[in-house]
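Now for the letters of each chain:
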Amino acid sequence: MSAASSPSTAATGTTGTTGRSGSKPKRHYGTHIFLTAMAVMWLVPLLWAVFTALRPISSTNEHGYFSLAGDFNFDNFIQAWSQGGFAKYLWNSVIICVPAVLLVLFFASMMAFAVSRVSWKFNITLLIMFTAGNLLPPQVLAAPLFEMAKHFQVPYSFSDSGNMLNTYIIVIAVNMAFQMGFCTFVLSNYMKALSADLTEAALVDGAGIWRQYREIIMPLCRPAFAALATLEVIFIYNDFFWPLLFIQSGDRLPVTTAINNLQGEFLNNYNLLAAGAVITVIPTLVVYLLLQRQFVAGLTLGSSKG
């Protein structure tokens, strides 16, 4: 009886297993519809700005904004580039953005290493303090920061105003201060996911704290650095508030303020403004496309761990 029932049982088990393994995967139509709708919502304003920028104002006035009739050319981009002075303002943005991103990643990585890989009683407290700084709206500190920069005296050879106003350094420092908490939080969580055996083995071999940080942890954090660098370039490059608050000279303002030069006194050419907005967006798109693979890898790394 047992021998006779074995083939039946085996056949049943095989059939059941085959049925489960041969079942079709569940399709997530709701997720696909939601993601498609969100992608369209994000892309439509950008595509509409490009469409408007490629049309001369004469075609828009004649046929309207919602018409495909009329000419399409790059005259608005050429005029916006020359009239808005984008070459100078883009260079100002580079002077502000590049040092701010490099310095904030460097200091945040050291702070993240201290609170995640070194055991001492104040690491959690410091991490909470750095993270809590992001909960305060930056505009609340605008007045005290402006007064601090105004009363911080420096030689006139360093600043033509005699203080920290109208300098790149104050904008870089403020951006670093407000981005340190976010970067420290992300990097500390990333470093905590790394195996402790790495630093323990290095410690047994006689490696000090600085060598562990420089030669072991830093190379392993490249995906996280790429993801954070992409985000920080976008955040700092697109910042409009702090440069407008601290820099009073037009020749030192970043590119986000260059669109003001395209506004007319009595009438605005919105096609020209759209061209200026598209020019402003291009550098961030280039940075994202160059770091896209590392950016995605940095965001998804560890998502498959149990």
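Just above, that's the structure.
Each value, and the rule that gives it
All chains use their own residue numbering, which begins from 1 and follows the written sequence. At least 70 in pLDDT is required for a residue's local features to be given in this predicted model, at least 80 for side-chain atom pairs to be given and counted, and no such filter applies to totals for whole chains, interfaces and linings, which use all residues. The basis for every side-chain value is the complete set of heavy atoms in the structure, and neither hydrogens nor water enter the calculation. Centres within 6.5 Å make a pair out of two Phe, Tyr or Trp rings, where for Trp the six-membered ring is used; the pair is then stacked when the planes are under 30 degrees apart, edge-to-face when over 60, and tilted otherwise. Strands are runs of DSSP state E lasting at least 2 residues, helices are runs of H or I lasting at least 4, and numbering of each runs from the N terminus. Only protein chains enter the area calculation, which uses a 1.4 Å probe; residues under 20% of their type maximum are buried, those over 50% are exposed, and those in between are partly exposed. What makes a nonpolar core is a set of buried Ala, Val, Leu, Ile, Met, Phe, Trp, Tyr and Cys residues whose side-chain atoms join them at distances within 4.5 Å. Working rule for contacts: check all heavy atoms of both residues, and any pair within 4.5 Å makes them a contact. Basic side-chain nitrogens of Lys or Arg form a salt bridge, by our definition, when they fall within 4 Å of a carboxyl oxygen of Asp or Glu. Note on geometry: axes are lines fitted to C-alpha atoms, helical ones only across the stretch in contact, with angles between N-to-C directions running from 0 to 180 degrees. Should an angle fall under 35 degrees it is called roughly parallel, over 145 degrees roughly antiparallel, and 65 to 115 degrees roughly perpendicular, with every other angle called oblique. In the scheme used here, Gly and all other residues not listed as nonpolar or charged are polar, with Ala, Val, Leu, Ile, Met, Phe, Trp, Tyr, Cys and Pro taken as nonpolar and Asp, Glu, Lys and Arg as charged.

S.K.: It is not clear to me how the packing of aromatic side chains should be interpreted in this structure. Could you clarify?
M.R.: Two numbers describe a pair of aromatic rings. These are the distance of the centres and the angle of the planes. Taken as a whole and judged by the stated rule, the model has 12 aromatic pairs. Ring geometry for Trp48 and Phe51: centres 5.4 Å apart, planes at 40°, overall tilted. Here the residue Trp48 and the residue Phe51 both occupy positions in helix α2 (residues 29–53), the gap between them amounting to 3 residues, near one helical turn. The partly exposed category is assigned to Trp48, whose relative accessible area is 36%. By relative accessible area, which is 17% here, Phe51 ends up buried.

S.K.: Explain the nonpolar core here, please?
M.R.: In a soluble, globular protein the nonpolar side chains are often hidden away together inside. Residues Leu105 and Phe246 are the most contacted members of the largest nonpolar core, which totals 58 residues. Looking at this core, the elements with two or more residues in it are α4 (75–84), α5 (86–117), α7 (142–151), α8 (168–192), α10 (209–220), α11 (222–237), α12 (241–246) and α13 (270–290). Counting residues per element, this core draws most heavily on α5, which supplies 12 residues. Those residues in contact with Phe246 that sit more than four places away from it in its chain are Leu145, Phe146, Ala149, Leu165, Asn166, Ile170, Val171 and Val174.

S.K.: Mind showing me how you'd approach the environment of Asn238 here?
M.R.: Position of Asn238 relative to the elements: it lies in the loop between α11 and α12. Considered as a pair, Asn238 and Thr256 are 18 residues apart in the sequence and their alpha carbons are 6.4 Å apart. Each residue touching Asn238, except ones within four places of it in the same chain, is listed here: Val233, Thr256 and Thr284.

S.K.: Looking at this structure, how should I read the pattern of salt bridges?
M.R.: Side chains that differ in charge, positive against negative, can pair when their charged atoms come close. By the definition in use, this model includes 3 salt bridges. Among the ionic pairs, Glu215 bridges to Arg211, the shortest N-O distance being 3.1 Å. A residue pair is termed a helical-turn pair when its members lie 3 or 4 positions apart in one helix, as Glu215 and Arg211 do in helix α10 at 4 residues. When its relative accessible area of 43% is taken as the criterion, Glu215 is described as partly exposed. Across the pair Glu215 and Arg214 runs a salt bridge whose closest N-O atoms are separated by 3.1 Å.

S.K.: Just to check I follow, could you spell out the side chain of Thr280 for this structure?
M.R.: Topologically, Thr280 is positioned in helix α13. Apart from the residues within four sequence positions on either side, Thr280 is in contact with Phe86, Tyr237, Val255 and Ile259.

S.K.: I keep staring at the packing of α4 against α5 and nothing clicks. Help me out?
M.R.: Geometry of a packed helix pair, given as the angle between the helix axes and the separation of the axes. For the pair α4 and α5, the least separation of the axes is 6 Å and the interaxial angle reads 70°. It follows that α4 is roughly perpendicular to α5 by the angle criterion. Here Ala80, Trp81 and Gly84 of α4 lie close against α5, whose contacting residues are Phe86, Ala87, Tyr89 and Leu90. Classifying every residue of the contact of α4 with α5 gives 6 nonpolar, 1 polar and no charged.

S.K.: How should the side chain of Thr284 be read in this particular structure?
M.R.: Within the secondary structure, Thr284 is located in helix α13. If we skip the residues at most four places from it in the chain, Thr284 touches Ile234, Tyr237 and Asn238.

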